[in-house]
Amino acid sequence: MGLRGSKPTFDDSSNVVYFIQIPLRGLRVPNLSPFPLKLETYLRMAKIPHESIMISTLSSKGKTPWIRHRGKDVADSQFCIEYLNKQFGVNLNEHLTKEQQAVSRAILKMVEENLYWVLVCYRWFFMNPKDMGLSQNIPSLIFAFIRRRVRKYANGQGMGRHSQEEIFHIGKLDLQALSNYLGEKKFLFGDQPSETDCSAFGMLAQFVFSNIESPHCALIKKEFPNLERYCHTMRNTFWPDWDQVLKGDASSTKL
Amino acid sequence: MRLTFGDTRLLALAAGAIAVGVVLFLNASRKQRKRKKLPYKDESDTVYVVQIPRGKKVPSPSPFPIKLETYLRIAKIPYENVFARKFSSKGKIPWIRHRGKDVPDSQFAIEYLNEQFNVDLEAHLTKEERAMSRAFLKMVEENLYWALACYRFIHDDVRKADYPSVIPTWALLLFGRRIKKYAWGQGMGRHSVEEIFHITKLDFEAISDYLGDKKFLFGDKPCVADCAVFGMLVQVVFNQTYSPHNALIKNEFPNLERFCWTMRNAFWPDWDQILAA
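Please read these numbers as outputs of a predicted model, since none were measured by experiment.

(A) The overall build of chain A, seen in detail. Broken down by element type, chain A carries nine helices and five strands. Ordered by position from the N terminus, the helices and strands of chain A form the series β-α-β-β-β-α-α-α-α-α-α-α-α-β. Projected onto its principal axes, the C-alpha coordinates of chain A cover approximately 50 × 50 × 35 Å. Counting over 255 residues, chain A shows a buried share of 59%. When the accessible surface of chain A is split by element, carbon and sulfur atoms take 50% of a total near 10900 Å². Chain A carries 33 positive and 25 negative side-chain charges, and their two centres are separated by 5 Å.

In structure tokens, the structure reads:
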């Protein structure tokens, strides 16, 4: 699994959005990284025609996912969404008030810049690699190499400096906030889904569907069951083909 | 066994090396003991806040000591500042010491103090408001922080920012190089200057839109998120007044500047007196 994979051929004259994600197909989630799952959920929610390509080519920023549209490469899932909103005249937050849009941004950032690092630290430092739920085994040398780099990043970001118990506690507080804000609602801001639902789902699906051996999964089942209910709602609404995606051909799926 | 002249010389060398080693060790221990003699009175209930010295424009060039001190002032918890370049067990500042216990990380310190002093600045909030408070806290400390750090240390000359004079320029520049490495790993450092400015603007907009005309984020009473927002925004509003972020706040989000003045007047009436001369 090299990280500088071959570049596929794109038809830059069409309006199709090529959605490129690294092949981290999980046994229980379409991608073990929350960001491709976020972006693909957005593409489905916004009904933007796209072609999913699973190759090992990272973006210009060295990350996954990225998109290509009419010859333009856009890196970073959030910049992709902003670009696509403009290109396709989409606004999944249109029905939100100004205050709700502000809260939407705050929740987005809590999920992607804090809860994400809880997920990363647990996956790479405290869990058994077999429990990651990857559809193919990572050779142990490569796993060790990636873990070293993740540790360096996590220490620089800050989360990596905390103990396992502290990281669990930080994750619990984030999950509690999400659960309390969601309450009985169908989606985060009511009966209509919005942009941040894509991100929240991308992240929560990792805890609820993939990391089933993790203490956070047990915590959600016991104390925040509405988060599990929410994941199923999102999955049933935007991923009716979830099981086929997991079982089927991982190289490309057309909408 | 009779010792030859060579053996004696070897023994003398070994003895000399051991003596030098012992002297160096004792000297290092003495320096260690001297460093440890910080003014803690562990039997009292005073909370010691360890942070770097005051700046000339802001009480700290870092947002986290200001967040923590503002919390202590709002909660009326007796505290004493210890201005020292002494980093916590996690390698950061600020940290606190209370009754002989060291607690690193501003947020863990606040949780500890809430328990010790039976404080809850969020008691008046609903469950949803507490959730939103957490979200804003994390947006400010895990996203906006990195955007502003990239500006201060990577895009601009860090020597323009207000730092206490005891921190030499070479230390600032070295820290800047470290921030650049950390920001790459965290993710913010991979974006361009314009992209990071755009991210900053969206965060400012969110705080501004949620604050609206309110006195504090959630009404008339401040909470921990207000302390975090204040600690971060004063770096733009009072410290780096030359920055494009300062102009952005003045032009597009004036209620953020108004908020900073409200917090400063309410909880830092001694602001001007405590700044470094």
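(B) Up close: the pattern of salt bridges. Enumeration according to the criterion identifies 23 salt bridges over all chains in this entry. When the shortest N-O distance is used, the salt bridge between arginine 54 of chain B and glutamate 69 of chain B registers 2.9 Å. Residue arginine 54 of chain B is found in the loop between strand 1 (47-51) and helix 2 (63-75), and its partner glutamate 69 of chain B is found in helix 2; the two are separated by 15 residues along the sequence. Its relative accessible area of 10% is what places arginine 54 of chain B among the buried residues. Across the pair aspartate 156 of chain B and lysine 160 of chain B runs a salt bridge, and its minimum N-O distance is 3.1 Å. Taken together, the shared-partner salt bridges in this structure form one network comprising Asp12, Arg68 and Asp73 of chain A.

(C) Seen up close, unusual backbone geometry. Following threonine 64 of chain A, the chain continues to proline 65 of chain A via a peptide bond in cis, the omega torsion being 0 degrees. Structurally, proline 65 of chain A is set in the loop between strand 2 (50-54) and strand 3 (66-69). Here the residue pair isoleucine 93 of chain B and proline 94 of chain B is connected by a cis peptide bond, since its omega of 5 degrees sits within 30 degrees of zero. Within the fold, proline 94 of chain B resides in the loop between strand 2 (79-83) and strand 3 (95-98). The residue arginine 99 of chain B is not glycine, and still its phi comes out positive at about 50 degrees. If you trace the backbone, arginine 99 of chain B turns up in the loop between strand 3 and strand 4 (101-104). Unusually for a residue other than glycine, aspartate 105 of chain B sits at a positive phi of about 75 degrees. By the element assignment, aspartate 105 of chain B lies in the loop between strand 4 and helix 3 (106-117).

(D) Focus on helix 6 (residues 193-211) of chain B. An ideal rise of 1.5 Å per residue puts 27 Å on 19 residues; helix 6 of chain B measures up with 27 Å between its terminal C-alpha atoms. Listed in full, the buried residues belonging to helix 6 of chain B are Ile196, Ile199, Thr200, Leu202, Asp203, Phe204, Ala206, Ile207, Ser208, Asp209, Tyr210 and Leu211 of chain B. On its buried side, helix 6 of chain B packs onto helix 2 (77-88) and helix 3 (98-126) of chain A together with helix 4 (127-155), helix 7 (224-239), helix 8 (244-252) and helix 9 (254-267) of chain B. Following helix 6 of chain B by one or two positions, glycine 212 of chain B has its phi on the positive side, about 55 degrees.

(E) Summary view of the packing of helix 6 (residues 195-210) of chain A against helix 8 (residues 225-238) of chain A. All names here are of chain A. Closest axis-to-axis distance for the helix 6/helix 8 pair is 9 Å, and the angle between their directions is 115 degrees. Considering only the axes of helix 6 and helix 8, their crossing is left-handed. Each of Asp197, Cys198, Ala200, Phe201, Leu204, Ala205, Val208 and Phe209 in helix 6 lies in contact with helix 8, whose residues at this interface are Leu227, Glu228, Tyr230, Cys231, His232, Met234 and Arg235. Of the residues contributing to the contact of helix 6 with helix 8, the split by class is 11 nonpolar, one polar and three charged.

(F) Looking closely at the nonpolar core. Counting 167 residues, the largest nonpolar core has Tyr42 of chain A together with Tyr71 and Leu113 of chain B as its most contacted members. With 16 residues, the top contributor of residues to this core is helix 3 of chain A. Not counting chain neighbours up to four residues away, the residues in contact with tyrosine 71 of chain B comprise Ile77, Ile110, Leu113, Asn114, Val119, Leu121, Val224 and Cys227 of chain B.

(G) Spotlight on helix 3 of chain B. Residues and elements named next belong to chain B. Along its 12 residues, helix 3 runs 16 Å from first to last C-alpha, staying within 8% of the 16 Å computed at 1.5 Å per residue. Of all the residues in helix 3, the buried ones are Ser106, Gln107, Phe108, Ala109, Ile110, Tyr112, Leu113 and Phe117. Capping the start of helix 3, aspartate 105 holds a side-chain oxygen 3.1 Å from the backbone nitrogen of glutamine 107, two or three residues further along. A positive backbone phi angle near 55 degrees is found at asparagine 118, which sits one or two residues after helix 3.

(H) Structural context of the interface of chain A and chain B. The partner chain B presents 33 residues to the 32 residues of chain A that form the contact. Between chain A and chain B, a total of about 3200 Å² is buried, with carbon and sulfur atoms accounting for 60% of that surface. Scanning the region where chain A abuts chain B turns up five salt bridges. Arginine 105 of chain A serves as the salt-bridge partner of aspartate 203 of chain B, at 2.7 Å between the closest nitrogen and oxygen. If you look at where chain A meets chain B, you find 15 residue pairs in polar contact (both at pLDDT 80 or more). Sorting the residues of the side of chain A that touches chain B by element identifies helix 2, helix 3, helix 4 (140-157) and helix 5 (164-182) of chain A as the ones contributing at least two each. The element that contributes the greatest number of residues to the side of chain A that touches chain B is helix 3 of chain A, accounting for 12 residues.

(I) Structural detail: the side chain of asparagine 255 of chain B. Residue and element names in this part refer to chain B. Inspection of the secondary structure puts asparagine 255 in helix 9. Here asparagine 255 falls in the buried class, since its relative accessible area comes to 14%. For asparagine 255, the side chain forms a polar contact with the side chain of serine 208, separated by 2.7 Å. Within polar-contact distance, the side chain of asparagine 255 engages the backbone oxygen of glycine 212 at 3.0 Å.

(J) The packing of aromatic side chains, seen in detail. A full pass over the atoms with the stated rule returns 23 aromatic pairs over all chains. Look at tyrosine 145 of chain B and tryptophan 146 of chain B: their rings are 5.2 Å apart centre to centre, the planes differ by 80 degrees, and that puts the pair in the edge-to-face class. Ring geometry for tryptophan 268 of chain B and tryptophan 271 of chain B: centres 5.9 Å apart, planes at 80 degrees, overall edge-to-face. One cation-aromatic arrangement involves arginine 44 of chain A over tryptophan 239 of chain A; the distance from NZ or CZ to the ring centre is 3.8 Å.

(K) Looking closely at the environment of histidine 162 of chain A. Mapped onto the secondary structure, histidine 162 of chain A falls in the loop between helix 4 and helix 5. Residue class for histidine 162 of chain A comes out buried when judged on its relative accessible area of 13%. Spatially, the C-alpha atoms of histidine 162 of chain A and proline 225 of chain A are 27 Å apart, while their sequence positions differ by 63 residues. Apart from the residues within four sequence positions on either side, histidine 162 of chain A is in contact with Ile167 and Ile170 of chain A together with Lys90, Asp105 and Phe108 of chain B. Within the structure, histidine 162 of chain A has its side chain in polar contact with the side chain of lysine 90 of chain B (distance 3.1 Å).

Quick notes on the rules
- Residues numbered from 1 in each chain as written.
- Chains lettered and ligands numbered in written order.
- Predicted model: local features only at pLDDT ≥ 70, side-chain atom pairs only at ≥ 80, totals over all residues.
- Heavy atoms only, no water.
- Helix = DSSP H or I, 4+ residues; strand = E, 2+ residues; numbered from the N terminus.
- Buried < 20%, exposed > 50% of the residue type's maximum accessible area, 1.4 Å probe, protein only.
- Areas by Shrake-Rupley, 256 points an atom, 1.4 Å probe, with all protein chains shown as cover.
- Lys, Arg positive; Asp, Glu negative; His and termini not counted.
- Charge placed at Lys NZ, Arg CZ, Asp CG, Glu CD.
- Salt bridge = Lys/Arg side-chain N within 4 Å of Asp/Glu carboxyl O.
- Expected span 1.5 Å × (residues − 1).
- Contact = heavy atoms within 4.5 Å.
- Axes fitted to C-alpha atoms, helices over the stretch in contact; angles between N-to-C directions.
- Left-handed = near helix turned anticlockwise from the far one by under 90°.
- Nonpolar A, V, L, I, M, F, W, Y, C, P; charged D, E, K, R; others polar.
- Core = buried A, V, L, I, M, F, W, Y, C linked by side-chain atoms within 4.5 Å.
- Polar contact = N/O pair within 3.5 Å; in protein donor to acceptor, adjacent residues only side chain to side chain.
- Buried area = accessible area lost by both parts, 1.4 Å probe.
- Phe/Tyr/Trp six-rings, centres within 6.5 Å; stacked < 30°, edge-to-face > 60°.
- Lys NZ or Arg CZ within 6 Å of the ring centre and 35° of its normal.

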